[in-house]
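# Reading the structure
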Amino acid sequence: MKLSMTLKYAGDPVETIEQAAAMERVGVDVLWVAEAYGFDAPTLMGYLAARTDRVQIGSGILNVYSRTPALMAQTAAGLDAISGGRGILGLGASGPQVIEGFHGVPYERPLARTRDVIEIVRQGLRREPLRYEGRTTTVPLPADQGTGLGKPLKMLTKPLRDSIPIYLAALGAKNVELAAELAEGWLPLFYLPERAKETWGEAVAAGQARRAPERGALQVVAGGILAIGENRDELRDLARPHLALYVGGMGAKGRNFYNDLVRRYGFEKEAEQIQELYLSGRKAEAIAAVPDELVDLTNLIGPESFVQERIAAYRESGVTMLNLDPAGADPVAAMEKVRGWL
């Protein structure tokens, strides 16, 4: 099992990347750089490439709407080149709040858009002249939609690799099916190992039935907040705000993918209560309403023996890369300890 972590996108990015370099030294295999609606990820990934030597660097994630598919291919190729072939392209559909509210782009056909982006990126990395007719994107632009002067072009510079791993963030059944069909890896948030098969098993199987052999086995990247210690009540409070934000506030009522997921795990009443409290502005109450069981099963929080048990549960469920967000006074030491257990 590989070990990865997602860099925090709040605070000083230079300090964050200096810590990331320390994570490389203790054996972390992959560093993921989030984007959301803060600093752009590729700029930070370029700096991270300059500050590290071995660790793989992944976008975690770039949304499929705010960049054209061709630009996504250019970005992936550029980052891969300056890192010496250490790039991973993490993609996802994000959600309507970010795509429409921040980028001003309609949140339409997320599945089709994701498929189109992946296929055009791979065509671009192979330096093929871009010719593609999809459900959301046509390249070159049809003559009746522009000047009529567009022609198929291939990438001007030669990518270091003609195939860069693509990892897809997905939670819904159809998105997970698409990841299992097309992507090298899958990035599920709030993954609960004991309920993964019943939640996503059919979708994964359906996608893998159409998976091309050259894709290899689907890599699964999952984990949570890491906090090692004896005072579990206090440590759980490190994870509650994160869960409350996503389950309660990431999306409108009836259109929150994380709330839907927690309901599918069996926490229907709790998910509804957290959302009602969060959306009414009672955030502290929403945080307090996050149940201990949900915290325990979607994170690695507690004494060393418990954390080791959770690692075993992730491994047994099919996770191939343990992705952790280390909390506490010495996150580097905590990751080094986990690296030793793996």
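This write-up is about the structure you can find in this document. (Residues numbered from 1 in each chain as written. Predicted model: local features only at pLDDT ≥ 70, side-chain atom pairs only at ≥ 80, totals over all residues. Heavy atoms only, no water.)

### Points about unusual backbone geometry
Following Gly60, the chain continues to Ile61 via a peptide bond in cis, the omega torsion being 15 degrees. Looking at the element boundaries, Ile61 is found in the loop between strand E3 (56-59) and strand E4 (62-63). For the peptide bond that leads from Val139 to Pro140, omega is -5 degrees, which places it in the cis range. Position of Pro140 among the secondary structure elements: in the loop between strand E7 (138-139) and strand E8 (166-169). The backbone phi angle of Ser94 is positive, close to 60 degrees, even though this residue is not glycine. Locating Ser94 in the fold gives a position in the loop between strand E5 (87-92) and helix H4 (96-101). With a phi angle near 45 degrees, Arg109 is a residue other than glycine that sits in the positive phi range. Relative to the helices and strands, Arg109 resides in the loop between H4 and helix H5 (110-125). (Helix = DSSP H or I, 4+ residues; strand = E, 2+ residues; numbered from the N terminus.)

### A word on the pattern of salt bridges
Counting across every chain of the model gives 25 salt bridges. Arg236 is the salt-bridge partner of Asp233, the closest N and O atoms lying 2.9 Å from each other. With Asp233 and Arg236 both in helix H8 (residues 232-236) and 3 residues apart, the pair spans about one turn of that helix. Judged by relative accessible area, which is 9%, Arg236 ranks as buried. A salt bridge links Asp296 to Arg236, with the shortest nitrogen-to-oxygen separation between them at 2.9 Å. With a gap of 60 residues between them, Asp296 in helix H13 (residues 292-298) and Arg236 in helix H8 connect regions that are remote in the sequence. (Salt bridge = Lys/Arg side-chain N within 4 Å of Asp/Glu carboxyl O. Buried < 20%, exposed > 50% of the residue type's maximum accessible area, 1.4 Å probe, protein only.)

### Some points on the nonpolar core
Core analysis: the largest hydrophobic core is formed by 95 residues, its most contacted members being Leu31, Leu91, Trp186, Tyr191 and Trp200. Beyond its immediate chain neighbours, meaning those up to four positions away, Tyr191 contacts Trp186, Ala196, Trp200, Val220, Ala222, Tyr265, Leu297, Thr298, Tyr314, Ser317 and Val319. Grouped together as the second largest cluster of nonpolar side chains are 7 residues, Trp32, Ile88, Val221 and Met321 included. (Core = buried A, V, L, I, M, F, W, Y, C linked by side-chain atoms within 4.5 Å. Contact = heavy atoms within 4.5 Å.)

### Thoughts on the side chain of Glu177
Note on placement: Glu177 falls in helix H6 (residues 173-182). Overall, Glu177 belongs to the buried group, its relative accessible area being 14%. In this structure Glu177 touches Ala203, Ala206, Gly207 and Arg210, once residues within four positions along its chain are discounted.

### Details of helix H9 (residues 240-249)
Within H9, 7 of the 10 residues are buried, which leaves the element mostly enclosed by the surrounding structure. For H9, every residue scored as buried is listed here: Arg240, Leu243, Ala244, Tyr246, Val247, Gly248 and Gly249. Where the residues of H9 are buried, they touch H4, H8, helix H10 (257-264), helix H11 (268-279), helix H12 (283-288) and H13. With its phi angle positive at about 125 degrees, Gly251 sits one or two positions after the end of H9.

### Here we look at the packing of helix H1 (residues 13-25) against helix H15 (residues 331-341)
Where H1 contacts H15, the axes come no closer than 9 Å and their chain directions differ by 25 degrees. Regarding the angle of H1 to H15, the classification is roughly parallel. Of the two elements, H1 crosses H15, and the hand of that crossing is right-handed. Of the residues in H15, those touching H1 at Gln19, Ala22 and Met23 are Pro331, Val332 and Met335. The class makeup of the residues in the contact of H1 with H15 is 5 nonpolar, 1 polar and no charged. (Axes fitted to C-alpha atoms, helices over the stretch in contact; angles between N-to-C directions. Parallel < 35°, antiparallel > 145°, perpendicular 65-115°, else oblique. Left-handed = near helix turned anticlockwise from the far one by under 90°. Nonpolar A, V, L, I, M, F, W, Y, C, P; charged D, E, K, R; others polar.)

### Quick word on the layout of surface pockets
Of the volumes computed, that of the second largest pocket is approximately 470 Å³. Every residue lining the second largest pocket is counted, 28 residues in all, and those nearest its centre are Pro69, Ala70, Ala73, Gln74 and Leu130. For the lining of the second largest pocket, the secondary-structure elements that each account for two or more residues are helix H3 (69-82) and H5. It is H3 that contributes the most residues to the lining of the second largest pocket, 7 residues altogether. (1 Å grid on protein atoms, 1.4 Å probe; cavity = no way out; pocket = protein on both sides within 12 Å on 5 of 7 lines; lining within 4 Å. Points joined across faces, edges and corners; volume = space filled by probe spheres on them.)

### A closer look at the pairing of E3
Sheet topology note: the strand E2 (residues 30-33)/E3 ladder contains 4 bridges and is parallel. Residue Val30 lies in a different strand from E3, and its bridge partner there is Gln56. As for the winding sense of the linkage, the β-α-β connection from E2 through helix H2 (residues 41-51) to E3 is right-handed. Bridge analysis of E3 against E5 gives 2 bridges, and the strand direction is parallel. Across the sheet, residue Gly58 finds its bridge partner in E5, namely Ile88. (Pairing = 2+ DSSP bridges. Right-handed = clockwise from strand over helix to strand, strands pointing away.)

### Section: the pairing of E2
Here E2 shows two buried faces, one formed by Val30 and Trp32 and the other by Leu31 and Val33. Of the strand pairs in this sheet, strand E1 (residues 2-7) and E2 are connected by 4 bridges, and their pairing is parallel. Residue pairing in the sheet places Ser4 in a bridge with Val30 of E2. The parallel pair E1 and E2, bridged by H1, forms a crossover whose chirality is right-handed.

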